[in-house]
Amino acid sequence: MTRVNENFLRLSNNYLFSDIAKKVRKYKECYPDRKVISLGIGDVTQPLCQAAIQAMHKAVDEMAVAESFRGYGPEQGYDFLRRAIIDNDFVPRGVNLDMDEVFISDGAKSDCGNIGDILGLDCSIGLTDPVYPVYVDSNVMCGRAGISTDKGWSNITYLPVSKANNFKPQIPSSHIDIIYLCYPNNPTGTVITREDMTQWVNYALANNSLIIFDAAYEAFIQHDEIPHSIYEIEGAKKVAIELRSFSKTAGFTGVRCGCTIIPKELTFKASDGSDVQLNALWNRRQCTKFNGTSYITQRAAEAIYTPEGKRQVREVINYYMTNARIMRERLAALGYEIFGGEDAPYIWLKTPAGVSSWDFFGTLLNELSIVTTPGVGFGPTGEGYIRLTAFGSREQCEEAMQRFEQWKH
Ligand SMILES: *Cc1c(COP(=O)(O)O)cnc(C)c1O
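Below you will find a few notes about this structure. Sequence order as written defines residue numbering, which begins from 1 separately in each chain. Per-residue local features of the predicted model are confined to residues with pLDDT of at least 70, and side-chain atom pairs are confined, for both listing and counting, to 80 or more; whole-chain, interface and lining totals are unaffected and use all residues. Only heavy atoms go into the side-chain values, all of them from the structure, while hydrogens and water stay out.

## Remarks on the packing of helix α2 (residues 50-63) against helix α9 (residues 295-303)
Helix axes are fitted to C-alpha atoms over the stretch in contact, other axes to C-alpha atoms as well, and angles between N-to-C directions run from 0 to 180 degrees. Helix and strand definitions here come from DSSP, where helices need a minimum of 4 consecutive H or I residues and strands a minimum of 2 consecutive E residues; each element is numbered from the N-terminal end. Closest axis-to-axis distance for the α2/α9 pair is 8 Å, and the angle between their directions is 145 degrees. Here α2 and α9 pass one another in a crossing that is right-handed. Counted together, Ala 51, Ala 52, Ala 55, Met 56, Ala 59, Val 60, Glu 62 and Met 63 of α2 and Tyr 295, Ile 296, Arg 299, Ala 300 and Ala 303 of α9 form the full contact between these two elements. Left-handed describes a crossing in which the near helix is turned anticlockwise from the far one by less than a right angle; the clockwise case is right-handed. Any two residues whose heavy atoms approach within 4.5 Å at even a single point are treated as in contact.

This is the structure:
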């Protein structure tokens, strides 16, 4: 008899976004004439830049002619895009990579979920609380997370981040094999410094650990001293995989493109004592299970590195980050405690004393018609916070702030 992968049955149902949607739907039914503004949206709203659009049109035309038609591309991605990524995102930051250390993907979520294919099932996991849920659930699905207890999954070490530790996960005192770090962070919008990152790299070097570094929001960094890549830290190529995405950087959430960096120096010992390159395993994995990102998409991604593409992408990021600044300044002026939002499109707001995430979510929905995301939905340490995103329009952002101001005064 066929049996199912029962690890899936152990997944805790994440109803966060469907619960929010349900509450918003009900609210709209009760108050059809109220204009609801969403500050909860985790998707971008501004259209693709012209440079990407033109590149896609051109690529489509190439596909219409036998001479320039492209079928299956390289599983690892086209060299033109790998080259553009290295030359524009890494070399200027002092990081040199070989082309075959860059794997083009259809987005960071898939790679972040799939990377576990090349890692032992008995590896222990460390991640922050609150956290991007994919890191947890993808490990539950393959059985690596262990069993569910009232303190979470038995094979996962949770590193709480809150106002109490200034949103800096503490370096564990014990050994962890695989550590997920996401900076700039979703959901808290906070960053860690070069010194903090160096401590993590040193921990991984000392413990033979792997860091999976999710840099999906690196393009939003405004402060020059914050590292964009973990490879800016000495020794990181020996311990880290880096995930990147064009989704938030360039509005590719619907187009789908990202990349994963696996340096060839990154090796672990097999049980026979031999050194195994993760790069080689991932290459093998991709060649078997992935047939590449579409040519049209990769041409669009390449185009964001042209001078006009860079300018256009920067403009959209500035637009979102201006939203973030407006929200930070005006909410702080009202006395709210605000975290993040300076180098990331997310603001992590402390709820008023004693008010839970869901209660404050409900109050803002009912009294201001504003949708937010309850922080506790990202993990127990997110209790007492809500997440606001800067991905909406300027008009909506301004109006939402006006509603807060009129409400408070
Ligand atoms: C949005 C996001 C990604 C990117 O996902 P894609 O699959 O590239 O769209 C990755 N990591 C985090 C933490 C995110 O929030």
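Further notes follow.
## Some words on the site of the ligand
In the vicinity of the ligand lie 14 residues, with Tyr 217, Ser 245, Ser 247, Lys 248 and Arg 256 positioned nearest. Whenever two N or O atoms come within 3.5 Å, that pair is a polar contact, provided that in protein one can donate a hydrogen and the other can accept it, and provided that, for residues adjacent in sequence, both atoms are side-chain atoms. Separating an oxygen atom of the ligand from a backbone N or O atom of Ala 108 is a distance of 2.7 Å. Lys 109 has a polar backbone atom sitting 2.9 Å from an oxygen atom of the ligand. Looking at the shell around the ligand, the elements that each hand over two or more residues are α4 (108-114) and α7 (246-250). Throughout, the ten residues Ala, Val, Leu, Ile, Met, Phe, Trp, Tyr, Cys and Pro are labelled nonpolar, Asp, Glu, Lys and Arg are labelled charged, and all others, Gly among them, are labelled polar. Of the residues belonging to the shell around the ligand, the class tally is six nonpolar, four polar and four charged. Near is defined per residue: the residue qualifies when any heavy atom it owns lies within 4 Å of the molecule or strand.

## Focus: unusual backbone geometry
Glycine aside, negative phi is the norm for most residues, and most peptide bonds take the trans geometry. Residue Pro 184 follows Tyr 183 across a cis peptide bond; omega there is -10 degrees. Note that Pro 184 resides in the loop between β7 (178-182) and α6 (194-207). Each neighbour pair has its own omega, and for Asn 186 with Pro 187 the value is 15 degrees, a cis peptide bond. Within the secondary structure layout, Pro 187 lies in the loop between β7 and α6. The phi torsion at Phe 167 lies on the positive side, around 60 degrees, for a residue other than glycine.

## A look at the sheet that holds strand β14 (residues 346-350)
Any two strands with at least two DSSP-identified bridges between them are counted as paired. In space, the four strands of this open sheet follow the order β13-β14-β17-β16, with antiparallel pairing throughout. Strands with a single pairing partner mark the edges of an open sheet, and in this sheet they are β13 (338-340) and β16 (373-374). For β14 and strand β17 (residues 385-389), the ladder comprises five bridges, and the chain directions are antiparallel. Bridge pairing in β17 places Lys 350 opposite Tyr 385. Lying over the sheet, helix α11 (residues 357-368) contacts β14, β16 and β17, oriented at roughly 50 degrees with respect to β17.

## Remarks on a nonpolar patch on the surface
Patch rule: a residue counts if its relative accessible area is over 30% and it has no salt bridge; like charges are joined within 9 Å, and nonpolar side chains (Val, Leu, Ile, Met, Phe, Trp, Tyr) within 5 Å. Working definition of accessibility: Shrake-Rupley area with a 1.4 Å probe, residue cover restricted to the visible protein chains. Think of a salt bridge as a Lys or Arg side-chain nitrogen and an Asp or Glu carboxyl oxygen that are within 4 Å of each other. A grouping of Val 4, Phe 8, Leu 9 and Met 141 is seen on the molecular surface, where their side chains present a nonpolar patch of about 400 Å² in accessible area. Within the secondary structure, Val 4 is located in the segment before α1 (16-30).

## Describing the nonpolar core
To qualify as a nonpolar core, a set must consist of buried Ala, Val, Leu, Ile, Met, Phe, Trp, Tyr and Cys residues joined through side-chain atoms within 4.5 Å. Whether a residue is buried, partly exposed or exposed follows from its accessible area with a 1.4 Å probe, protein chains only, as a fraction of its type maximum: under 20%, in between, or over 50%, in that order. Counting 82 residues, the largest nonpolar core has Leu 81, Ile 85, Ile 230, Phe 246, Phe 252, Leu 331 and Phe 404 as its most contacted members. Among the elements that make up this core, the one with the highest residue count is helix α10 (residues 307-333) (eight residues). Excluding residues that lie within four positions of it along the chain, Ile 85 makes contacts with Phe 90, Val 102, Ile 104, Phe 246, Cys 259 and Tyr 305. Listed in part, the 30 residues of the second largest apolar core include Cys 123, Val 134, Tyr 180 and Leu 243.

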